Each structure stands twice: as structure tokens, then as C-alpha cells.
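A structural walkthrough
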Amino acid sequence: MRVPSATYRVQLTPDFGFRALKQVIPYLSELGITDLYASPVFRARKGSTHGYDVVDPCALNPELGTRREFDLLFEELKKHDMGWIQDIVPNHMAFHQANHMLADVLENGPLSRFFRFFDVDWEHAYGAVKGRVLAPFLGTFYREALENGNIRLSYESEGFRIRYYDTSFPLNLRSYPMVLKYRLDHLKAKLGVDDPDYARLFGIVHVLQALPEEGDVEERTAQARFIKGVLWELYKRNPTIREFVLESVAAHNGTKGRSESYDLMDRLLARQFFRLSFWKVATEEINYRRFFTINELISLRLEEPEVLETTHALILKLVGEGKFTGIRVDHIDGLYDPSTYLEEIRKRIGDLYLVVEKILEPDEELCASWPVQGTTGYDFLNQVNGLFCKQDNKKKFKDVYGAFTQVKGSFEDVVYEKKKLILGKRMAGDLDNLALLFKELASRDRHGYDITIYGIRRVLMEVLAYLPVYRTYIRPGGISETDRAHVRAATGRALRANPELAHEIRFLERFLLLEFGDGTQAEYRDKWVRFVMRFQQLSGPLMAKGLEDTALYVYNRLLSLNEVGGFPGSFGVSLSSFHEAMAARALRWPHTMNATATHDTKRGEDVRARLNVLSEMPAEWSGVLRSLKEEAPPPEEDDDTKVPDDNDRYFFLQTVLGARPFLEEDHDSFGERVKEYVIKSVREAKVHTNWLSPDLDYEKAFLEFVEASLRGEDGERLQESLADMGKVVSHWGVLNSLAQTLIKLTAPGVPDIYQGTELWDLSLVDPDNRRPVDYAKRHAMLKDLKERREADAPTLCKELSANLVDGGIKLYVIHKALEVRKEFPSVFMNGRYVPGDASGLRAEHVVSYAREIGGTWIYTVVPRFCSSWLECGKYPLGKEGWEDTALILPSEAPKLWRNRFTGETVSSSRELSLSGVIRRFPVALLVGTEDR
């Protein structure tokens with residue numbers, strides 16, 4: 001297996017495609033990257049900037065470049081001995097006219113080859129969608145859209161289509177006669193019954209009317225292709241027939257102001273395999289599984305072998321050609337049976353690097369049986385981030401937050417409330433579908449015979465809201481003890497909160513734990529298991545929407561902790577816990593990814609590094625908050641409510657401190673970025689406004705507050721306070737950033753660098769973190785750093801520490817650490833993890849550990865929490881910084897070490913003086929240079 005030494009994540013877009021990426025490869029190789037890690041490259045919706053809205057997984061995205069450019073890119077990678085890890089999207093595709101598989105379903109219904117590909121309940125209990133898939137894309141109510149003439153029939157080379165602005169779907173072939181028979185007698189009178197073209201058209205109508213609803217799919221497909229071809233040929237060749245078709249189309253499109261003129265279109269739409277509806281209908285009634293709550297993404301049934309084979313054909317072909325040397329599976333929790341899917345993929349890709357996007361809650365372990373190398377790194381991100389949050393100040397910080405915002409509840413309470421909000425307002429239709437499935441099962445069991453659909457809906461909502469993880473992995477073959485514990489934790493909390501639902505909760509628990517009776521029939525067991533699998537498929541998106549996309553924007557105590565995979569209810573990670581986690585990582589998942597930023601993180605890695613500084617100084621932070629109340633432009637009052645409210649202002653203030661640019665000339669664009677960000681944040685919070693029904697007055701008032709606070713005359717004193725505090729968090733944030741970067745590069749796992757973050761990453765959530773990257777600038781900086789280090793490494797280190805604005809110091813840390821990884825691959829891929837120990841006055845302010853294999857030792861040493869004993873503007877360097885602090889080395893460790901950043905050599909006996917290790921540069925990477 002080719003295991004990457006270091007990966008670099010790139011977001012391919014129409015503006016940054018294969019050709020542009022090829023130009024960057026030499027720089028990435030020089031930086032020390034061994035494997036490119038690419039966003040999806042398969043055909044997506046036109047203009048897609050992320051590639052997750054795939055319309056054809058069996059074709060490359062032409063907007064990214066040609067196949068020739070794709071191949072040339074791989075030739076460039078080969079020159080530099082670089083691999084390619086491909087992000088794939090097995091869970092869903094775009095619900096879009098360019099999705100030819102879905103279009104075929106809409107045209108041919110059950111006789112489509114792809115009918116079973118999409119996760120649609122064609123036998124839904126609601127008659128309006130039985131035998132049809134909901135298409136919730138209307139911007140207003142159906143009647144209004146229809147009678148305003150927004151829903152139109154058109155005819156083109158592909159056949160008849162229903163259009164709604166840019167949305168377009170093909171007509172059910174069996175409904176063609178409804179259009180073609182309209183005034184057919186009139187055409188007959190014009191052409192005559194013996195006219196050969198009329199005879200052909202008449203024949204087409206009768207053949208279409210007689211199309212079988214069952215039969216051979218291939219034969220039906222060929223027949224349909226032939227009929228549509230003949231019709232199009234007649235349309236092009238015969239002006240009378242063309243006029244007839246256009247008149248029929250016009251008649252179905254109705255006349256605005258005449259309601260009855262839309263009856264034809266209404267009847268035609270009723271015959272389609274899709275049902276157009278107002279987009280908000282999908283929140284309450286839906287019969288297809290979406291990606292989260294995105295109507296435009298329809299899920300696939302990967303549990304069906306044909307679906308897997310078809311949708312993965314190109315992926316497996318490129319693996320076979322040696323182009324893809326690794327696979328990253330997006331949203332593994334969305335699949336019906338993740339374990340079986342991964343087993344099937346492993347069979348097909350052989351010994352290939354494979355990781356999954358899996359969000360692990362604190363103390364949750366990745367399924368040990370999964371045939372993968374690990375996750376995409378959110379678990380690591382939160383471990384290393386928590387290391388720089390000062391746990392001792394949890395109570396003080398809680399008090400500061402509560403005093404300013406009046407928020408009193410716990411984060412757990414917020415998550416529970418927001419998950420219920422999402423279930424009730426955004427996923428009510430998904431919940432109802434699960435409830436109907438469970439009701440069918442309950443009605444056939446005497447223990448559940450009297451449980452009402454209302455009771456079922458309530459108990460499902462409670463247990464889903466209390467489930468402590470994204471999902472369990474119960475399978476037809478059984479249930480693990482871990483999953484059993486998660487289920488019982490959820491049902492136990494639901495029972496304590498809702499004792500009146502005791503009967504319903506215990507009944508549901510029995511089903512979730514697969515406690516079949518001895519005489520349970522096979523058919524009933526199958527439906528039972530299907531319910532459990534569906535329950536699991538709903539719990540993951542619910543957690544994502546309730547926690548990631550809502551609670552993390554509501555509970556704002558310390559925003560550095562509000563990250564994907566994080567749990568802001570805790571406050572930091574102890575050093576001993578971190579060491580324990582890394583040692584376990586080295587043993588169980590040595591090749592999992594280490595990330596500190598991704599395309600989905602809520603804020604840049606260096607924003608988090610800065611905000612962690614606040615955990616060291618709750619008193620100073622409280623002072624800034626007082627300045628906000630005393631010196632900031634006053635909020636508007638609306639019905640005795642502050643606009644923005646104190647929690648939103650608290651959020652805003654942290655955002656400014658964390659993301660404030662180093663350069664003054666960037667401040668104007670920063671203000672506009674913050675405005676975009678706060679609107680997204682308050683809509684995600686869903687307290688005063690939201691995406692479905694935005695409160696534009698609240699949002700306008702918030703934007704005015706932001707403008708006044710950042711640039712207005714009324715906010716000058718606040719601006720001064722922010723600038724003063726900003727210098728403090730910026731200075732110590734640099735130290736945190738360098739420390740977390742070096743840990744990512746040397747801890748167990750494969751370090752992943754998100755595009756552009758080799759310099760300071762002061763970005764906010766997407767789309768802010770997907771802005772174009774200036775690679776030419778980075779490459780020039782890297783070349784300059786290498787030349788200067790070759791000339792005089794100590795002087796370079798001193799200069800980098802004195803000039804932090806351009807991020808060159810971070811680039812240097814990354815380059816040198818990756819250089820060491822390449823030089824000693826076995827140490828980092830297979831070496832053991834040895835927690836460090838220290839003695840002396842500053843022992844609690846150093847994080848250290850060694851990686852060792854076969855007598856080769858590499859030691860990582862970084863500082864933390866230095867603001868309490870150093871002046872702002874200084875770094876902990878030399879004797880002044882560390883005094884008598886020393887690293888206590890294992891007895892078998894080397895006596896002589898070379899610092900790969902400064903080039904200096906330090907020696908030790910049993911202890912290694914930190915004043916010598918961190919003398920010229922804020923962090924150290926030591927390579928043992930002799931045997932013990």
C-alpha cells in the first residue's frame with residue numbers, strides 16, 4: 001500500500017481546473033507534499049464550485065478540463081512521484097435535468113434501468129406522491145406557479161419537457177399522447193388521412209399509448225429512442241406538423257388571466273413520474289432521501305450491487321490505471337450499511353489507501369472492523385485544538401459568557417433543543433416517513449398494537465434528539481456492545497425526560513436493539529431491520545444539522561471549540577488525555593489523516609489558534625465585553641429585544657478578534673467578509689432569522705451594527721479596544737498556530753494541509769475559506785526561505801520570528817517538518833509514540849513527545865499558555881523564557897540532538913534543557929544524531 005507522507009487538499013472549480021492545478025504540482029512537491037487530495041472531479045452541475053452535486057459519476061467534469069489535460073496532470077504528478085487521493089460521493093447525486101440516470105427514471109418510470117437507483121419511496125402512503133417522486137423546486141405555491149405561466153411545456157430534440165425557469169424534466173413517455181392527440185383531427189384535416197407523415201404521427205400516438213408498463217428494459221429503451229427520433233425528424237421536416245406540435249404546446253401552456261386554460265397542463269402534470277411542489281413542502285412531506293436537508297441532492301441506494309457497480313465504474317477504472325492511489329469516501333454515515341459498502345469497495349480497490357469522512361464524537365471510536373486507514377481528521381483537529389484551551393478557566397469563562405448573554409443552559413441542552421427543532425421544522429417529512437414505517441411494524445405486534453402514530457412520532461423525536469453520536473452501525477447480522485450502549489443512553493435519557501412515554505420508549509428500544517422473538521417471521525424481521533437501518537440513516541443528518549449547522553452558532557462561549565466534530569460543552573483537552581489519544585492512534589490508526597482545516601470547518605485554523613488565547617485570559621476578555629456594552633454603538637430596540645441580541649454580539653466580537661487581518665490594507669475587505677459571515681451565522685442559528693424565512697429587519701440591523709462597530713465614528717472607542725486586544729490574541733495566536741501545525745506534522749497519522757493554509761489561515765466558514773489561493777506567491781516565498789536557510793539558518797529563524805505578517809514562519813515550519821518526514825518515513829508511519837515529560841518552573845507550559853522506531857528518535861517540542869508569564873510581544877526563548885525547565889528523556893534516548901529548524905545541536909544526559917532547545921525559534925523538531 002502506498003501510504004502518503006503528507007497530503008494537500010485542493011478544491012477544483014471551473015476557475016481552477018486540471019490545467020491550473022498542473023502548474024502548482026512543482027511547488028507542492030518542493031514543499032514536501034507526497035499526495036494530492038482532490039475534491040470530486042466527476043461531472044457536476046454546471047458552475048459547481050465544490051463538485052458534490054454530481055450528475056454523472058461515470059464522466060469527468062468538462063468544466064475542470066479535458067481528458068487530455070487530466071492525463072497531463074497525472075504525468076506531472078508522476079514526474080514528482082506524487083499520488084492522488086480522490087474524494088468520492090457515493091451517497092447522493094444532483095436532482096437535476098443533467099442527471100441522465102434520474103431523467104431516465106422520470107421519463108420511463110418503473111421501466112427505467114435506473115428505477116431502483118434512487119432512494120425514493122414509490123409506494124408512499126400519501127396519494128399525491130404514490131408512484132411519483134416529489135420535485136420541490138417551485139418558488140411559490142403550485143397553483144400560483146401554474147397560473148402565472150411559470151411552468152411551461154417545451155419540445156426539443158430530446159423530446160417533450162416540463163420547464164420551470166432553469167429547472168427542466170422530461171415528460172413521462174406514456175403521457176406524450178395527451179399532447180399529440182390535442183387537435184389531432186385538425187391536423188388530419190390539413191394533411192389528409194393518406195398523408196404518409198400524418199400516418200407516421202398517428203402511428204406514434206398509438207404505439208405510445210400501447211407501451212407496456214412491464215417488460216424488457218433494453219427493448220423499451222430502444223423503442224422509446226426510435227419513437228422520439230421519428231417524431232423529431234417529422235417535426236424538423238414537415239412545417240405543418242411543426243405548427244401542430246407548437247400549437248399543442250402553446251395550448252398546454254395556457255393563457256395568463258384565464259385559470260381554466262391551465263387545466264390541460266394540470267392534467268398533464270398529474271401523469272408525470274414527478275410532482276412539482278413549493279420547495280417548502282419538502283420540510284414536511286417528502287418521499288425521497290436527501291443529503292441532509294438539501295432538496296437538490298437526491299440519495300442513492302448503494303446497498304444495491306448494480307448501483308454500486310454503475311456509479312463506481314469510472315472510479316474503479318482510474319484506480320486500475322494507477323491514477324487514483326487513494327480514496328476518500330464522503331459522508332459515510334449517509335449509507336444504508338456503511339460496513340458492507342466499505343467491504344465491497346475494499347474488494348474492488350485492493351490494497352489502496354482508504355479513508356472516510358466520519359465525525360466522531362468525544363470518546364467515540366472508529367469502527368475497528370472497517371477496512372480503512374482512518375478518518376479525514378476531524379477527531380485529530382479537535383484533540384490538538386483542545387490542547388491549547390486552558391481547562392482551568394472553564395468556570396470563569398462560563399461565568400463571563402453567562403453574565404454577558406444571560407445564556408444559562410448547557411451545550412447538551414442546546415443540541416437536544418436544536419435537534420428537535422430540525423426534526424420539527426426541517427425534517428418533519430423524514431420523521432413522518434420513519435414513523436409510518438414503525439407504525440406498520442407496531443400494528444403487527446401485540447405489545448405495540450395500541451401505540452398511536454402521534455406517540456410514535458413523539459418517541460422517535462425524543463430518542464433521536466438524545467442519541468449521543470451521529471449514528472449507530474447496527475446491521476442485519478447483529479449489534480455491537482458499543483451501539484447497544486449508545487441506544488440505551490438515548491432511550492434512558494428520553495425515558496427520564498418523558499416518563500409518560502415509558503411504554504413507547506421501551507417498545508422502540510426493543511426494536512433498535514434487534515430483540516427478535518423466537519417465533520418472529522422472516523418477512524417481519526426484514527422489515528424490522530429495514531426500520532432500524534432507516535433510523536440510523538436519519539440520525540446522522542439530524543446530528544449534522546442540529547449540532548454542526550445550528551447549535552455551534554448558538555452556544556458561543558468560546559468559538560474556537562465550535563468546530564465540526566467538536567463538543568463545546570467540554571473546555572479543552574488535558575495533556576495526559578492528548579498523549580493517551582495519540583498513543584492509541586499510533587497503535588490502532590497510524591495512517592489516519594491529521595487535519596486542522598478542511599473545506600467544511602467553521603473557521604480557519606489560525607482563527608481558532610487566536611481564540612484559544614482568550615481561554616488564558618478570561619478577565620481581559622471580560623473587559624473587552626464591558627467595552628462593547630459601554631463603547632459600542634447601541635443596539636436597536638425592537639419589542640424590548642436588542643438587535644442584535646447579546647449572544648450575537650458576543651459571537652461577532654470573537655469573530656473580529658479571531659479573523660482580524662494582519663495588514664491594515666485588508667481591513668476594508670475584512671468588513672465585507674464579516675458582514676457576509678454574520679448573516680450566515682444568524683441564519684444557521686435559527687433564533688431570530690433563518691434560511692427558510694429570513695427576518696430581513698433583524699439582519700439589516702445587525703449589518704448596521706457591524707458597520708458602525710468596525711468603521712463608524714460611534715464605534716471608535718470599541719475599535720481601539722478591539723485593536724488592543726487583537727494585538728494580544730494575534731501575538732499568542734501565532735505561537736499556538738506554530739505549535740498545532742508542528743504537532744499535526746509529527747503526531748501519529750498523515751498530515752493534511754488544506755489549500756492555502758501554509759500561510760496564515762484567517763478565513764471564516766465557506767465560501768470564505770474557498771477563496772482563490774495565490775500559489776505563485778507561496779512558491780516564491782518557499783524558494784526564498786530555502787536560499788536564506790542555506791546561507792544562515794539561525795539568522796533566518798530570528799528574522800522569521802521578528803516578521804510575522806506574511807506567514808513565512810508557518811511556511812518554514814511546514815517545509816522543514818515535511819522534509820524530516822520524507823527523510824525518516826518509517827519513524828512517522830510506523831514509529832511508536834513516546835509522551836514527553838518535563839521538570840522545572842515552566843514544565844506545564846511545554847508539550848513534547850517523541851516518535852521512535854529501530855533506535856531512530858525524533859522529538860517534537862512546543863510551548864503553550866505563555867501569556868501568563870511573558871509580556872505580549874515576546875516569545876518563550878532561551879533562559880529568559882524557560883529558566884530551569886528541562887525535558888526528561890527516556891533512558892534509551894540519544895544524547896545528541898539536532899534542531900532541524902535552526903540547525904543547532906544540543907546535548908543531554910538524562911535531561912535536555914529547554915533554554916537550549918527553544919533558543920532562537922518558538923518551536924523545535926529534534927532529530928537524534930547518535931545512539932544512546
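Throughout this document, residue positions are counted from 1 along each chain, in the order its sequence is written. Whole-chain, interface and lining totals are the exception, using all residues; otherwise, since this is a predicted model, local features are given only for residues with pLDDT of at least 70 and side-chain atom pairs are given and counted only at 80 or more. In computing side-chain values, all of the structure's heavy atoms are included and hydrogens and water are not.

A run of H or I in DSSP counts as a helix once it spans at least four residues, and a run of E counts as a strand once it spans at least two, with each numbered from the N terminus. What the protein chain contains, in helices and strands, is 34 helices and 29 strands. When the backbone C-alpha atoms are referred to their principal axes, the protein chain occupies close to 105 × 70 × 65 Å. Within the protein chain, the fraction of its 932 residues that count as buried is 62%. Contacts are assigned to residue pairs that have any heavy atoms within 4.5 Å of one another. Contacts spanning at least 24 positions in sequence make up 75% of the contacts within the protein chain whose residues lie at least 6 apart. For the protein chain, the computed accessible surface area is about 35,800 Å², with 49% contributed by carbon and sulfur atoms. Of the charged side chains in the protein chain, 124 are positive and 139 negative, and the gap between their average positions amounts to 2 Å. Exposure classes here rest on a 1.4 Å probe applied to the protein chains alone. A residue is buried below 20% of its type maximum, exposed above 50%, and partly exposed in between. Note that accessible areas follow from Shrake-Rupley with a 1.4 Å probe, and for residues the cover is restricted to the protein chains shown. Within this scheme the basic residues Lys and Arg register as positive and the acidic residues Asp and Glu register as negative, but His and the chain ends are omitted. Where a charge lies is defined by one atom per residue type: Lys uses NZ, Arg uses CZ, Asp uses CG and Glu uses CD.

Take the nonpolar core next. Note on terminology: a nonpolar core comprises buried Ala, Val, Leu, Ile, Met, Phe, Trp, Tyr and Cys residues joined through side-chain atoms within 4.5 Å. Grouped together as the largest cluster of nonpolar side chains are 255 residues, with contacts concentrated most on Phe 160 and Ile 743. Ignoring anything within four residues of it in the chain, the contact list for Ile 743 reads Phe 380, Val 384, Leu 387, Phe 388, Phe 578, Val 847, Tyr 849 and Val 862. The next biggest cluster of nonpolar side chains, apart from the first, holds 45 residues, and it includes Ala 442, Tyr 466, Leu 512 and Val 529.

Our next topic: the side chain of Asp 35. With respect to the secondary-structure elements, Asp 35 resides in strand 2 (residues 35-38). Overall, the relative accessible area of 1% leaves Asp 35 in the buried class. A distance of 3.0 Å separates polar atoms of two side chains, one belonging to Asp 35 and the other to Arg 2. Residue contacts for Asp 35: discarding those within four places in its chain leaves Arg 2, Pro 4, Ser 5, Ala 6, Thr 7, Tyr 8, Met 82, Gly 83, Trp 84, Ile 85 and Thr 325. By the criterion applied in these results, polar contacts are pairs of N or O atoms within 3.5 Å in which, for protein atoms, one can donate a hydrogen and the other can accept it, and in which residues neighboring in sequence qualify only through two side-chain atoms.

DSSP-based pairing: two strands are paired if at least 2 bridges between them are found. Judged by pairing direction, the sheet is antiparallel, and its six strands sit side by side in the order 21-23-24-29-26-27 without closing on themselves. Since the sheet does not close on itself, it has two edges, and those belong to strand 21 (832-835) and strand 27 (905-907), each with one partner. The average undirected angle you get between the axes of adjacent strands in this sheet is 25°. Where strand 26 (residues 896-899) lies against strand 29 (residues 924-928), three bridges are found, and the strand directions are antiparallel. When the sheet's bridge partners are listed, Arg 898 is paired in strand 29 with Val 927. The strands that helix 22 (residues 575-588) touches are strand 21 and strand 23 (846-853); relative to strand 21, the one it contacts most, it runs at about 165°. To get an axis, a line is fitted to the C-alpha atoms, and for a helix only the part in contact is used. The angle between two axes follows their N-to-C directions and goes from 0 to 180 degrees.

Let us look at empty space enclosed by the protein. For cavity detection a 1 Å grid was placed over the protein atoms alone, and a set of points counts as a cavity when a 1.4 Å probe fits there but cannot get out; an open set counts as a pocket when protein lies on both sides within 12 Å along at least five of seven lines, with lining residues being those that have an atom within 4 Å of a point. Grid points are joined across faces, edges and corners, and a volume is the space filled by probe spheres set on the points. All chains considered together, the criterion is met by five cavities of 30 Å³ or more. Put simply, the largest cavity is a space of about 100 Å³. Around the largest cavity, the lining residues are Phe 42, Val 54, Pro 57, Ile 88, Val 89, Pro 90, Met 93, Leu 300, Thr 311, His 312 and Ile 315.

Secondary-structure assignment places Leu 269 in helix 10 (residues 263-269). Residue classification places Leu 269 among the buried residues on the basis of a relative accessible area of 5%. The spatial distance from the C-alpha of Leu 269 to the C-alpha of Asn 253 is 11 Å, given a sequence separation of 16 residues. Those residues in contact with Leu 269 that lie beyond four places of it in its chain are Arg 132, Tyr 142, Leu 146, Ile 151, Ile 162, Phe 274 and Leu 276.

It is worth spelling out the sheet that holds strand 22 (residues 837-839) at this point. Two orientations exist for strands paired in a sheet by backbone hydrogen bonds: parallel and antiparallel. An order of 22-25-28 is seen for the three strands of this open sheet, with the pairing classed as antiparallel. Taken across any chain shown, the strands that pair with only one partner, and hence form the sheet edges, are strand 22 and strand 28 (911-913). For this sheet the average axis-to-axis angle between neighbouring strands, irrespective of direction, equals 35°. Across three bridges, strand 25 (residues 886-888) lies against strand 28 in antiparallel orientation. For Ala 886, the partnering residue across the bridge sits in strand 28 and is Ser 913.

A cluster of acidic side chains, namely Glu 713, Asp 714, Glu 716, Glu 720 and Asp 724, defines a negative patch on the protein surface. By the secondary structure assignment, Asp 724 is in helix 28 (residues 716-746). Residues with no salt bridge and a relative accessible area higher than 30% make up the patches, which join like charges within 9 Å and nonpolar side chains (Val, Leu, Ile, Met, Phe, Trp, Tyr) within 5 Å. One side-chain nitrogen of Lys or Arg within 4 Å of one carboxyl oxygen of Asp or Glu is enough to make a salt bridge.

As a further point, take the layout of surface pockets. The space that makes up the second largest pocket amounts to roughly 1,000 Å³. If you trace the second largest pocket, you find 41 residues lining it, with Val 120, Asp 121, Trp 122, Glu 123 and Asn 287 closest to the centre. Mapped by element, the contributors of at least two residues to the lining of the second largest pocket are helix 17 (428-442) and helix 21 (522-548). Amino acid classes used here: Ala, Val, Leu, Ile, Met, Phe, Trp, Tyr, Cys and Pro are nonpolar; Asp, Glu, Lys and Arg are charged; the rest, including Gly, are polar. Taken together, the residues that form the lining of the second largest pocket break down as 18 nonpolar, eight polar and 15 charged.

Glycine aside, the phi torsion of most residues is negative, and most peptide linkages are trans. Of the consecutive residues Asp 766 and Pro 767, the connecting peptide bond is found in the cis state with omega at 10°. Residue placement: Pro 767 occurs in the loop between strand 20 (750-754) and helix 29 (775-791). One non-glycine residue, Arg 183, lies in positive phi territory at about 55°. Of note, Arg 183 is situated in the loop between helix 5 (176-180) and helix 6 (184-191).

Turning our attention to the pattern of salt bridges. Throughout the structure, instances matching the rule amount to 79 salt bridges. In this structure, Arg 301 engages Glu 304 in a salt bridge whose closest nitrogen and oxygen atoms are separated by 3.3 Å. A relative accessible area of 7% means that Arg 301 is categorised as buried. Judged by its relative accessible area of 29%, Glu 304 falls in the partly exposed class.

On their own, these measurements won't tell you what the molecule is for.
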